[in-house]
Every structure is written in structure tokens, then in C-alpha cells.
Number of protein chains: 4
Amino acid sequence: MMAQPLGIGIIGLGTIGHIHEATVRSFGDSFRLAAVADLDEAVARRLGTEAGVPAYASGGELLNNPAVEAVVIATPAETHGELIEEAATAGKHVFCEKPLEVDVQRIDRALAAVEQAGVLLMVGFNRRFDQNFEDLGEELNAQRVGALISIHIISRDPILRGPPRQIDGMSGLFFETTIHDLDMLRFLTRAEIEWVHVQASAPVHGQAEVDTAVTFVQMTNGVVATIDNSQAAYHYDQRIEAFGTKGALVAANQTVNTVTLSDAEGIHAPRHQYFFPQRYRQSYINELHAFCGFIKAGVEPRPSAVDGRAATAAALACHRSAAEARPVPLTEIG
Amino acid sequence: MMAQPLGIGIIGLGTIGHIHEATVRSFGDSFRLAAVADLDEAVARRLGTEAGVPAYASGGELLNNPAVEAVVIATPAETHGELIEEAATAGKHVFCEKPLEVDVQRIDRALAAVEQAGVLLMVGFNRRFDQNFEDLGEELNAQRVGALISIHIISRDPILRGPPRQIDGMSGLFFETTIHDLDMLRFLTRAEIEWVHVQASAPVHGQAEVDTAVTFVQMTNGVVATIDNSQAAYHYDQRIEAFGTKGALVAANQTVNTVTLSDAEGIHAPRHQYFFPQRYRQSYINELHAFCGFIKAGVEPRPSAVDGRAATAAALACHRSAAEARPVPLTEIG
Amino acid sequence: MMAQPLGIGIIGLGTIGHIHEATVRSFGDSFRLAAVADLDEAVARRLGTEAGVPAYASGGELLNNPAVEAVVIATPAETHGELIEEAATAGKHVFCEKPLEVDVQRIDRALAAVEQAGVLLMVGFNRRFDQNFEDLGEELNAQRVGALISIHIISRDPILRGPPRQIDGMSGLFFETTIHDLDMLRFLTRAEIEWVHVQASAPVHGQAEVDTAVTFVQMTNGVVATIDNSQAAYHYDQRIEAFGTKGALVAANQTVNTVTLSDAEGIHAPRHQYFFPQRYRQSYINELHAFCGFIKAGVEPRPSAVDGRAATAAALACHRSAAEARPVPLTEIG
Amino acid sequence: MMAQPLGIGIIGLGTIGHIHEATVRSFGDSFRLAAVADLDEAVARRLGTEAGVPAYASGGELLNNPAVEAVVIATPAETHGELIEEAATAGKHVFCEKPLEVDVQRIDRALAAVEQAGVLLMVGFNRRFDQNFEDLGEELNAQRVGALISIHIISRDPILRGPPRQIDGMSGLFFETTIHDLDMLRFLTRAEIEWVHVQASAPVHGQAEVDTAVTFVQMTNGVVATIDNSQAAYHYDQRIEAFGTKGALVAANQTVNTVTLSDAEGIHAPRHQYFFPQRYRQSYINELHAFCGFIKAGVEPRPSAVDGRAATAAALACHRSAAEARPVPLTEIG
């Protein structure tokens, strides 16, 4: 006999909210969509009708619905702290999209509420659930490359819109893109970030903004890393290289198919998968199943609140390093 | 408002039957599992209980269930003809696993019943729904390589068990493995097979059996093809190359991940996906959705009864060519 | 102390004659260019002056030069037999370009003269000296793939000129292109060709000519092979795949560099090397050094006269198979 | 009529001296080996006898030989300055191995002597003459990636011996390995190095030495680079990636062949070429031909004295950055 599906409410119905909604509705054995909310009430109502669930114009109203056992928070980053507090107070478990927040004080208040309420919180660093990076991580842990020395992450988003949005007066690049890689470094090295040194620029969108950055990172266990980020690249490029004393591991890009065309013009290799909804499709499914498993088992989810806070602190250090053109130790952020 | 899910009965609950059952149960918007049947009644009952649907010990009983609107036939090949007849007579649409049958007379009787009953029949040549081969086919149709000249298919199964089972006294290699490639040639060239010339042997399982074959094929439109088959290879190898007057297309293997390990021993590329349930996972989902779409639209499915019959005739010619060591024209088969 | 360089006369100063001339002049420790000859006397004289050696308008005159210890025959295929006879009679060792000849009777007369004179003869199947194919051959011999089952050779020349020239009323495709692959099969399998079955056509140059062929080959040791040839392809494509009971070996194309360009149009892989002078450059150098070594050691060169004769016989069988649309056993050729 | 070959004297007959000697002797049309010298007189004498040229136990003696028109300096780095001075004073053109020197004052004295004497000097940054990097550079200059944003260089030597030798009390890593990449950045970006930030360690040879480093580099034109170096890696790894506003270029490793072996253990890709004599073989030949061309044309060679000095200054900054754990601007070095 199967366990009862977990009743999920989704707050925020943008791209990422819709990805989670599709997961919840496709895997009926694990989840049950219980309610949806979006500030754009029409969006919420359309989806509610289609799925046959209540729709709300605010997270607060959704949290009052007793069929909601856990919420997925997929609203803008700077609203996460407050919503987590409200959800915890309402006794709901929380799956919060990354970044956990962009302000360390708001994070600390939210986490206090979570602890107080005894609910569980997971942060949506979905790339930990990507098959390639997960396998790479397992091979590292199995010492397949000996002792780890350095990591190089290439994480470049395609140019699809204007410059990165500003969040609390900072470039969204660090909180939307770099933050994935900062978390990945903590995940792969099992160490903390000691300092970051960022060179940022805006070669595509002009000097008033930051759309591109290279980040030099020192981990507390001696591993050195470099991260190559962009929100204005010509295509999606997602790779990791890890070098150790006895070998190296490289996770290459995934492609749309395996078909190569050769003709008189040259040899045309398969294209990379277009963007995150395609490239990381399965990881979003995997992470929500993992969340569900943690809730049912009553154990601390991973990536945890601590993981979410550490990545945000590192992203704040990146912003400061870029602004002040110097290495910034994490101890400055608090 | 969504259309009503299609009520599906599954007859035959081996590996492939279970693959279809998982599809039907995961995509509740399209399908509804209505009943299951297997000669091993315990197997049928276990699944019926888990899924909450009636279970039967024979296809005949399942066909009496009015909730079943369409059946998936996933029993051994030599039983397909009779089951198709019964299903058609009971007014059910049919999705029949490949091969359609291994006997042309039984196929013709079954297709007469289908026509008589006015039901629709689709044959499960799932590789037509594989992203790589589908894209390769589209590029061919778009004349991206100019006029097509030749095709080379590598289609080698891993050695996982004993020699290919005998079907009606013939090696299963031609009806389980080669038949996919014969259909693929018809799919990619949009022409018929004119003759086949097969060299078969049993390098792994010994001379009494056939576990390996190379097939030379002439298509009616002048395209020449070679097919490299095995049921005893060291790993799963699934590739297609197509050469035209202006270019070539190559569909490579899919791998379990994109991670390469380099160490003092050498460079270890990612492994191929293990076998058909992994490699063609999505194609099985796609083909059943396509079947559902054909039924709802009331149009002739593709791959059709004609496609199923043509592939079986070609596989019979392969058997004869191997046995008699000479090219065999399809006109000999009837 | 170093041995005396071998005095080489080159007869025939087309593309391939010039390749050998550059080798002889670049490696002064091994060879010494002693004389050159070409029916186009101006061509011969120009090179003779540049290199400071005597130049002749015919092979016969060159053979009278006592400084010539060995000749490289690089004239049209149908003149090889007679020139070998003359060279042998003049007491010169012979390096003869492939094909050894296009007529079995002329070959047998030439080989009789060679034997009579006690000189040594090597045939220029340079691909045996290509690093990739040589390494592939060594791995096969080391049983790295277990017992060999099948081989697939792709050997397609770029379209650079009109249709293949006719040689003795036969398409040059079989004697210039296919013959390399027939020899490669003998080299890799260490067996003889039993029969060939060829489907030939002229998709580029029209139906009066043959510019493309697929050849199905049975070796005497049970190995089955397919060869994909063209003299009108969109680029140079030179690959071998060999399947065994325990593994497979694939020799891929060599590229002009290792540089991949990605841009908004897609991913552009490095191009294949342009044609044989680029792709097989080192193999031409290697084979001439090997020839020199055989002469100095006084041992039978490899590829030998027997190898040259066998490949020509197989090419003649290919021509007949294509013309008569049936498998042709080598026993028919004699 | 051909120009007279350039008379070359080689000073220092270690690995790299022998590479240049082989080039000089193989291409008789361009060069003529005129003399050799090595502090190990037996080594010099052996080679002199083999090649039939005078041999000396010191560079000074060799410089007195009037047949020597130009010298190749292939002695330890810290002797280069003095030898350049002597050679210039003797009126010889100079091809000096990298690094030009490890001391800026010694460089400046040597360059003053070169200018005074009116001879020409070229520095042996051979990687500028590697086909892959040269082509990558040309594509960058042709704006194939739009405006250049960042470069990632992987340049890891195999572990073949003990820790890097100390040069003037500094790790040889920066002067033997990193210096190639610092020059490559100047070559590819056509800009100067503004600052370097190095994290160095000795994961293989222990904490007293430096055998591994990651270098973060800011160029004066805004390009940011990272360099991954080791002298203790499990194999030779030589790659460059360049990202621009409209695309990226990646130069991959060269392999010993193109042969992939698949078996039950996995898929074994071709190995990288073993070390610099194999990987960069052709570049050494190319650079010496280029040197010869510059001398004969009487034009300033490239890479020039300025290039050599700039790379040494940057390597000194790397040493300081590693030692003091901070970014070091090149203005500190002078």
C-alpha cells in the first residue's frame, strides 16, 4: 500500500513555479497539488481551474488552506525570508527556491521561525540533483582523482533578455547564477568558502551593469576554484572540471541530441540544451522527490538552511569584491 | 477542459509490458490504466492490486472489460496475430509490440479482422520516436545531406543471457533486433526493401545458433544499407550514419552521463546507456502518447499495420538469406 | 657511423611522385635523390635542376643511371607492370605505388621478372603505415577485442574533379580507392578475401559512371566486412571500426586542428584533414623509410608482391560484382 | 636558386637543445649545423662527431667560430642573460629559449648589448607556433567570438621527476610552465598583464615546494584570465578556452592517435600526447624556420625581446603573489 501523496501549495507561478507545478501534477503517487498562489490573480486562477485546486492572490491566503502540508516558494528572491517566516508560523514545511534570500539578517529571522515551528526547510539548489554533477561528486568522494586540488566551473546563461535585474541594488548575476556555483563548490569540496576575488564587467549590456564575471575562490580545505559566469552568453554552457593529485573529472554539456551533421561548410556538432528548463529538467523532478522523502522521513533536508545561508553570504562577498576590486574574505559578511 | 483519459488494458507483463504500464500510470492526463492480464496470474494480480485495476490470466478475459478502450499487446511475438484478431473482434484499438508477428499469413488474417472491425492498429517500432533518430530523419527529409546514398546502422545488444530464443524455428535475432533496423531503413528512406543479403554467425554462443549478423540491403529507391547486429555484444551500441551527395548525418550513442575521468591509466569516456529500457526510455513514452493522439483523432496510426507487415517480411528474408547464403529478394516472401 | 643513403630514382612526377620526392630530399640520412623521370620532360627537368640531379623523359633512361639503386614507380596504374619488369631487369629494387597493376597477367609477368632478377619489391599501401590504423591493427592482434567478428571501413574521397577516370574500361573507384580498403582488410584480418558483393552507383556524376560503392566482403576466416567508398563526397572521411567478441576499436578521422568554435549558429567542430596528402602525410614518409630498411636488410618487403596481387584481384572482383549485380567469389578471377 | 642555409651554433645540449639540433639537421635547405657546445664536453663531442661539426665545452668558444651566424641558447634560464650579451658582442643573431631570463636587470643588460650590436633576438615561446593555438589566435583576431571577455588556460605537466627545480630561490613552476601561459595571454589578447593573483601549493611534493598553482590574471584591455598549472599532474594537459561576446573557442588536447577502444570495462579514449617533445614537436620546427625567415629578411623577430621581458616580469609577479598571498600589479616589478 502506498503512502498518502504530500499536499503541496505553490507560491509564485513564474517559469520556475510552473516547473515545480508540472512535477507535482505528473507524479501523483508522491505529491498532490493542493493550492496555488500568485500576485497576478489571473495567472493563479487559470492554473487553479486547470488543475482543479484553489487559487489565491497571495501566499498568506494559501497558507491558511489546511490541505497544504508543504509549500514551494518560487517568488522573487527578496521576498523569500518573509514568506518562509509566514509558512513556518503556519506550520508548513518549506521548499524554497534559491537564493534562500539576498540578506543575511532576513535569513536569520526566517531560520529562527523555522526552528521555532519545528518544520523542515530545503533550498532549491537543483544542480546537486543533476545526474552529471551528482556522479562527478560521487567519483570525487570515492577519491577517483586522488586528493582534490582545483575546480573550474563554467556556468554561462544565454542572452535572452536585458541585463540582469538589480536585487537590493546588486547585480542579479551573483544571486541567480553565481550562487549555484558557490553552492556547487561547497557540495563538491565539503568545505567552506574562505574568500572570493571577482572581476566583473558588462561586455554585452554596457558599463552601468554587471552581466559577466570571473570569480577566484579559496576554499577552507585548500582547494582553489575559478568560476566563469555570464548572463549574456551566446548559448547555455554548463561544465565542471575537477583536478586532483591522481586524475581529473570533466562534466561536459548535455546536447539536444547526439546528431552531428557534416557538409561542405564543416562539421556541425549537436547543440547544447537550450537553457535551465531543458538542461536541468530531471534535476527539478529529482529535488522535489527528495524533498518529499525528507518530509516523510522527518529528517533534515539537504541542501539545508545552512547551505542556503552560506551560499547567500558568499554571493554577497562576490558583489563586494566586484564593487571594491579586491579579494573579500567571508568573515567580512557575517 | 481536458479530454477524458484513454482506458488502456495491457496484455503481457514482461519487461516491455511493465515499461508501458509505467507510462500509462505516470501520465494521468492522457491515459487511464483500465486492466492488466498475464498468463502468470500472480504477476497480473500483484500489479492489478498495486494499481487498483482488474487483473486477468488471459487476454481474452481482459477484452471483455468494457472500460478497456484500447489494448497494448506485449506478449511473445508468435501470439500477436491471434490476439490482434480477438481484440479487433472485441472492438478494441490495438497497440501491438514489434514484431507485428513472425508469420505473414497470421498477419494478413489479423489485419483483415482489424479492417473488418474498423479499429485502429499501431505497431511499436519505438525507435521512430527516439529523439536522435527522429531528428536525423527530419534532417534527411529536409535534404540537409542532399540526395541520400547509403545508410549504416549499428544495433548491437549487450550479452545478458543465453543465445537468442528460437521463434518458429528461426533465430530471434532477426525478429527482435534486426527488425528494428529494417523498419528504420523504411522510415528513413521512405522506400521499400528490395533484397537482403545476410552473413550470420554465432561467435559467442557457438555454431548451432545465430547471435550476430551483418546485413546488406538494397532499397527500391537505390539507397544501399548495411546493418551490424548482435545479441551478444560487450555493451549496447546504437548508432546510425546516413551519407548523401552533400553531407552526412551521424547519430551517436547516448551515455549515462557526460562525465569523463582521466587518470594515469588513460581517459575513460562515459559509458553508453545500458540497454533499451534506459536508452529508449523516452521513446516508449512518446510512442504511447502518439498512439493515444491517433486514437483520439481517429486517424491511421504510424507505424501502421503495413509497416509492421513489411518489416516482418524483410526479417523472414533475412532468415532465409542467412540460411541459404545468398541475396534474397523480398518478392520471394510474399 | 651511418650507413650510406640509398640512391632513389623517381619515375612519374604527379601528386604522389612529388610526395615521395619530398620525403627523399628531407631525410638525407636515409635516402639520396639520384634521378627523376616524367613523360612531361619540362616537369622532370624543373625538378632535376632544383634538386641537382639528372632528369629524364622516360623511366627506361632513368634505369640506365647506375646511381639509381632503387626506383619509386608513381606512374598511371596500367603502366606499372611493364616498368616493374624493366626495373627488375636493370637490377633495381622497386617501390611501386598502388595498385600494383590492374591486370593479373601483367602482374604475374612482372613478378616473374622480379624473382628472376633477385630484386626486392614493395607495394605502396601507405595506410598500413598510418599511426591510427597501425595502432588499431596492433590492438586487434593483441586480442583487445577478443575474436574479430566484423569490420566497417569508411573511405570516402572529396569531390575535387570530374568522375573517376576509366582504367582499362573499368571505374577507377575500385583501383584507386576501394583497393586501399581491400588491402586493409587483408592486413587487419590476416586472411584472404573469399567473395565481394558490390552495389555501385553514380549519384553525383550520373548513371554512366561509378563514383560511389558499398562493398560487402566475406573473409576466409569468417570475418564479414563492409566498405563505404566514394570519389565524390563532400569531404574526406577515413575511418575504421572493428568489432570483436569482447570489444570494439574505432579509428576516427584526423582533423586540421583541435579547435572548436561555438557561436549563436551552433557548434563547429574541427574539420577533417583535407585529402590524402594531408591526412596520410606521415604514412608516406614511414613507408619509404620501411622500404629503405627492407632493402638494407635484404628481406622481403611488406606489403609484398603477393599483397599487391591479391588486392588487384579483389578490385577486379568488385568491378565484376558491380557490373553483374551479384556476389563474386575470388576464385573467378584467378 | 635557393638561399644559402643559415649557420647555426647550439649552446646547451639537454632535451630542448637536442630538439633544435634535430630540426637544424633535418631541414638542410634552411639551416646548416655549424657547431655545438655543452659544459659536458663528452656530450658535445659525441654530437659533434655524429654531425661532423666542431664541438666546444663552452658557449664562449663556440662564439669564436665564424661559421656560426646565429646561436640557439638552450642552457639553464639563469645563464641566458650573460650568453645573450656575449653572443651579441660576437655579432651573432640569437634564438634564446624561454624564459629569456629570470632577472629583469640581467635582461635589460642583455637587450642593451643586442641593440648595440645590431643583431636580432627571438625568444622561444614555441606555443605561439602550435597549429591549434595559432588557429585559435587567428579566429580571435577575426572577431569570430565577438569581443574577447575571458580566457582559461589549462597547462599541466606530467609528474616525471621530483619537485620543480628552484631558480634564484623561486619555484621553477612560474619560469618553466606558467611563463608559457603568461606569454600566450599577451599573444592572444594583444594587451599587457595588469596584475596577477596566484594560489600555489604542493599537493604532490609537499609543503616546502610549489608544484601546482592557479593564477588569476587581469589584462590591461579588460580581459580576465585564469591559468591552471602543475608540474606534478597525472598526464600532460594543454588546453585553451576563449570566451567572447558572440562565441567561444576551445583548443583541445592532441592525442597519440584517434583510436577508441570499447570493452566490458568501459570506453577508453585515445591518450593525450605524452609531453612537450611530442605535443609541440611541429611548433619547435616552425619557430626555428620563422627565426631563420626573420634573420634572412632582417626584420625584428616575434616573439621579441620585449615579449621575453614582459613574460619574465609577469612570472616574477606570480612568484611574489604566491609568496605574499595577494594580487600583485606588474608595476611593482619594474
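Residues numbered from 1 in each chain as written. Chains lettered and ligands numbered in written order. Predicted model: local features only at pLDDT ≥ 70, side-chain atom pairs only at ≥ 80, totals over all residues.

Colleague: Where do I start with the overall build of chain A in this structure?
Modeller: Across its full length, chain A holds 10 helices and 17 strands. Against the globule reference of 20 Å for 334 residues, chain A gives a C-alpha radius of gyration of 20 Å, in line with a compact fold. Across its three principal axes, chain A shows a C-alpha extent of roughly 55 × 55 × 45 Å. A burial count over chain A gives 57% of its 334 residues as buried. If you take every contact in chain A between residues at least 6 apart in sequence, the share linking residues at least 24 apart comes to 68%. (Helix = DSSP H or I, 4+ residues; strand = E, 2+ residues; numbered from the N terminus. Rg over C-alpha atoms; globule rule 2.2 N^0.38 Å. Buried ≥ 20, exposed ≤ 12 C-beta atoms within 10 Å, placed from the backbone. Contact = placed C-beta atoms within 7 Å.)

Colleague: Is there a simple way to explain the relation of the copies chain D and chain B in this structure?
Modeller: Least-squares fitting of chain D to chain B yields an RMSD of 0.0 Å, with the superposition described by an axial translation of 0.0 Å and a rotation of 180°. Here the symmetry operator amounts to a two-fold rotation axis. Relative to the rotation axis, the closest C-alpha in chain D is found at His268 of chain D, a distance of 2.5 Å. (Least-squares fit on C-alpha atoms with pLDDT ≥ 70 in both.)

Colleague: In this structure, what is going on with the interface of chain D and chain B? I would like to understand it.
Modeller: Interfaces are often described in size by the accessible area the parts lose on coming together. Tallying the contact residues gives 10 residues for chain D and 10 residues for chain B. Counting only elements with at least two residues in the side of chain D that touches chain B, the list comes to strand 15 (259-263) and strand 16 (266-269) of chain D. With 4 residues, strand 16 of chain D is the largest single contributor of residues to the side of chain D that touches chain B. For the side of chain D that touches chain B, the per-class residue count stands at 4 nonpolar, 4 polar and 2 charged. (Nonpolar A, V, L, I, M, F, W, Y, C, P; charged D, E, K, R; others polar.)

Colleague: Would you explain the relation of the copies chain B and chain A in this entry?
Modeller: Of the transformation superimposing chain B on chain A, the axial component is 0.0 Å and the angular component is 180°, with the fit at an RMSD of 0.1 Å. A high fraction, 100%, of the interface residues of chain B reappear at the interface in chain A, so the copies pair face to face through one surface.

Colleague: I keep staring at the packing of helix 4 (residues 80-89) of chain D against helix 5 (residues 104-117) of chain D and nothing clicks. Help me out?
Modeller: Relative orientation and spacing of two packed helices are given, respectively, by the angle between their axes and the distance between those axes. All names here are of chain D. Across the interface, helix 4 lies against helix 5 with an axial gap of 8 Å and an inter-helix angle of 10°. Taken together, helix 4 and helix 5 sit at an angle that is classed as roughly parallel. Together, Gly81, Ile84, Glu85, Ala88 and Thr89 of helix 4 and Arg106, Ile107, Arg109, Ala110, Ala113, Val114 and Ala117 of helix 5 make up the contact between the two elements. Its residues assigned to classes, the contact of helix 4 with helix 5 shows 7 nonpolar, 2 polar and 3 charged. (Axes fitted to C-alpha atoms, helices over the stretch in contact; angles between N-to-C directions. Parallel < 35°, antiparallel > 145°, perpendicular 65-115°, else oblique.)

Colleague: Hey, could you run me through unusual backbone geometry in this one?
Modeller: With the exception of glycine, the majority of residues adopt a negative phi angle, and the majority of peptide bonds are in the trans configuration. Geometrically, the link from Lys98 of chain A to Pro99 of chain A is a cis peptide bond, its omega value of -10° lying close to zero. Inspection of the secondary structure assignment puts Pro99 of chain A in the loop between strand 5 (93-97) and helix 5 (104-117). Across the junction of Arg302 of chain D and Pro303 of chain D, the peptide omega takes the value 5°, indicating a cis bond. Mapped onto the secondary structure, Pro303 of chain D falls in the loop between helix 9 (281-297) and helix 10 (305-324). Non-glycine residue Asp168 of chain A carries a positive phi angle of around 50°. Assignment of secondary structure puts Asp168 of chain A in the loop between strand 8 (166-167) and strand 9 (170-171). For Arg190 of chain B, which is not glycine, the phi torsion reads 55° and is therefore positive.

Colleague: Sorry, what's going on with the interface of chain B and chain A here?
Modeller: In this assembly, 25 residues from chain B lie in contact with 25 residues from chain A. Elements with a minimum of two residues in the side of chain B that touches chain A: helix 6 (131-141), strand 14 (247-251) and strand 15 (259-263) of chain B. A per-class count over the side of chain B that touches chain A returns 9 nonpolar, 11 polar and 5 charged. Two strands pair when backbone bridges link them, and strand 15 (residues 259-263) of chain A and strand 14 of chain B are joined in this way by 5 bridges, in the antiparallel orientation. Bridge pairing in strand 14 of chain B links Asp263 of chain A to Gly247 of chain B. (Pairing = 2+ DSSP bridges.)

Colleague: Is there a simple way to think about the sheet that holds strand 1 (residues 6-11) of chain C in this case?
Modeller: Backbone-to-backbone hydrogen bonds join strands into a sheet, with any given pair of strands oriented parallel or antiparallel. All names here are of chain C. In space, the 6 strands of this open sheet follow the order 3-2-1-4-5-6, with parallel pairing throughout. Whereas interior strands pair on both sides, the edge strands pair on one side only; in this sheet they are strand 3 (55-56) and strand 6 (121-124). Relative to strand 2 (residues 31-37), strand 1 is paired through 6 bridges, and the arrangement is parallel. Across the sheet, Gly7 pairs through a bridge with Arg32, a residue of strand 2.

Colleague: Sorry, what's going on with the sheet that holds strand 5 of chain A here?
Modeller: All names here are of chain A. Reading across from one edge, 3-2-1-4-5-6 is the order of the 6 strands in this open sheet, with parallel pairing throughout. Strand pairing shows two members of the sheet lacking a second neighbour, strand 3 (55-56) and strand 6 (121-124), which therefore form its edges. Of the strand pairs in this sheet, strand 2 (residues 31-37) and strand 3 are connected by 2 bridges, and their pairing is parallel. Residue pairing across strands places Ala37 opposite Tyr56, the latter belonging to strand 3.

Colleague: I tried to follow helix 4 of chain D on my own but got confused; where do I start?
Modeller: In an α-helix there are 3.6 residues to a turn, and that puts residues three or four apart on one side. All names here are of chain D. Judged by how many residues are buried, helix 4 sits mostly within the fold: 8 of 10 residues are covered. Taken together, the buried positions of helix 4 are His80, Gly81, Leu83, Ile84, Glu85, Glu86, Ala87 and Ala88. Buried positions along helix 4 lie against strand 1 (6-11), helix 3 (59-63), strand 4 (70-73), strand 5 (93-97), helix 5 and strand 6 (121-124). The first or second residue beyond helix 4 is Gly91, which carries a positive phi of 80°.

Colleague: For this particular structure, what's the right way to read the packing of helix 5 (residues 104-117) of chain B against helix 10 (residues 305-324) of chain B?
Modeller: All names here are of chain B. The contact between helix 5 and helix 10 brings their axes to 10 Å, and the two run at 175°. Judged by the angle between their axes, helix 5 and helix 10 are roughly antiparallel. Along the contact surface, helix 5 presents Val104, Ile107, Leu111 and Val114, while helix 10 presents Ala305, Arg309, Thr312 and Ala313. Split into classes, the residues belonging to the contact of helix 5 with helix 10 amount to 6 nonpolar, 1 polar and 1 charged.

Colleague: So what exactly am I meant to see when it comes to the nonpolar core here?
Modeller: Soluble globular proteins: nonpolar side chains tend toward being buried together. Counting 104 residues, the largest nonpolar core has Ala242 and Ala314 of chain A together with Ala242 and Ala314 of chain D as its most contacted members. Not counting residues up to four positions away in its chain, the partners in contact with Ala242 of chain D are Leu136, Leu140, Val145, Leu148, Ile151, Leu188, Ala248 and Leu249 of chain D. Counting residues in each nonpolar core, the second largest holds 102 residues, with Val214 and Ala313 of chain B together with Leu173 and Phe216 of chain C among its members. (Core = buried A, V, L, I, M, F, W, Y, C linked by C-beta atoms within 7 Å.)

Colleague: Just checking my understanding: could you explain the domain arrangement of chain A for this structure?
Modeller: All names here are of chain A. When its domains are assigned, chain A resolves into domain 1 (6-124) and domain 2 (128-282 + 312-332). Domain 1 and domain 2 are separated by 27 Å when their C-alpha centres are compared. Among the elements of the structure, helix 1 (15-26) and helix 5 are those that each provide at least two residues to the side of domain 1 that touches domain 2. (Domains from an automatic or database assignment.)

Colleague: Explanation requested: the pairing of strand 10 (residues 193-201) of chain B in the structure shown.
Modeller: Remark: a regular strand shows side chains that alternate across the two faces of the sheet. All names here are of chain B. Counting buried residues in strand 10 gives 8 out of 9 residues, a clear majority hidden from the surface. In terms of strand pairing, strand 10 meets strand 11 (residues 212-219) through 8 bridges, oriented antiparallel. By the bridge assignment, His197 is partnered in strand 11 with Phe216. One ladder, built from 2 bridges, connects strand 10 with strand 17 (residues 328-329); its direction is antiparallel.

Colleague: Would you explain helix 9 of chain D in this entry?
Modeller: All names here are of chain D. With 17 residues, helix 9 extends 25 Å from end C-alpha to end C-alpha; this agrees with the ideal 24 Å at 1.5 Å per step. Along helix 9, the residues that are buried comprise Ser283, Tyr284, Ile285, Glu287, Leu288, Phe291 and Cys292. Contacts made by the buried residues of helix 9 are with strand 1, helix 1 (15-26), strand 2 (31-37), strand 5 and strand 6. In the segment just after helix 9, Gly298 is the residue with positive phi, at about 70°. (Expected span 1.5 Å × (residues − 1).)

Colleague: Teacher, can you tell me more about the confidence of the model for chain A here?
Modeller: Keep in mind that low pLDDT regions are not for reading the predicted coordinates in detail. Looking at chain A as a whole, its pLDDT mean stands at 95, while 99% of the residues score no less than 70. Complex prediction metrics read pTM 0.95 and ipTM 0.94. (pLDDT = per-residue confidence, 0-100.)

Colleague: Is there a simple way to explain the environment of Ala252 of chain C in this structure?
Modeller: All names here are of chain C. Here Ala252 lies in the loop between strand 14 (247-251) and strand 15 (259-263). The exposure class assigned to Ala252 is partly exposed, which follows from the 17 C-beta atoms found within 10 Å. Each C-alpha atom, one on Ala252 and one on Ala37, is 37 Å from the other, the two residues being 215 residues apart in sequence.

Colleague: Would you explain the environment of Asp103 of chain B in this entry?
Modeller: Residues and elements named next belong to chain B. You can see Asp103 is positioned in the loop between strand 5 (93-97) and helix 5. On the neighbour-count criterion, Asp103 (19 C-beta atoms within 10 Å) is partly exposed. Taking C-alpha positions, Asp103 is 8.5 Å from Gly81, a pair spaced 22 residues apart along the chain. Not counting residues within four places of it along the chain, the set of residues in contact with Asp103 comprises Gly81 and Asp168.

Colleague: Explanation requested: the pairing of strand 16 of chain D in the structure shown.
Modeller: In the sheet, strand 16 (residues 266-269) of chain B pairs with strand 16 of chain D via 3 bridges, with the strands oriented antiparallel. Paired with Ala269 of chain B across the two strands is Ile267 of chain D, which belongs to strand 16 of chain D. Of the pairings in the sheet, the one linking strand 15 of chain D to strand 16 of chain D comprises 3 bridges and is antiparallel in character. Its bridge partner lying in strand 16 of chain D, Asp263 of chain D is registered against Gly266 of chain D. The turn linking strand 15 of chain D back onto strand 16 of chain D is made up of 2 residues.

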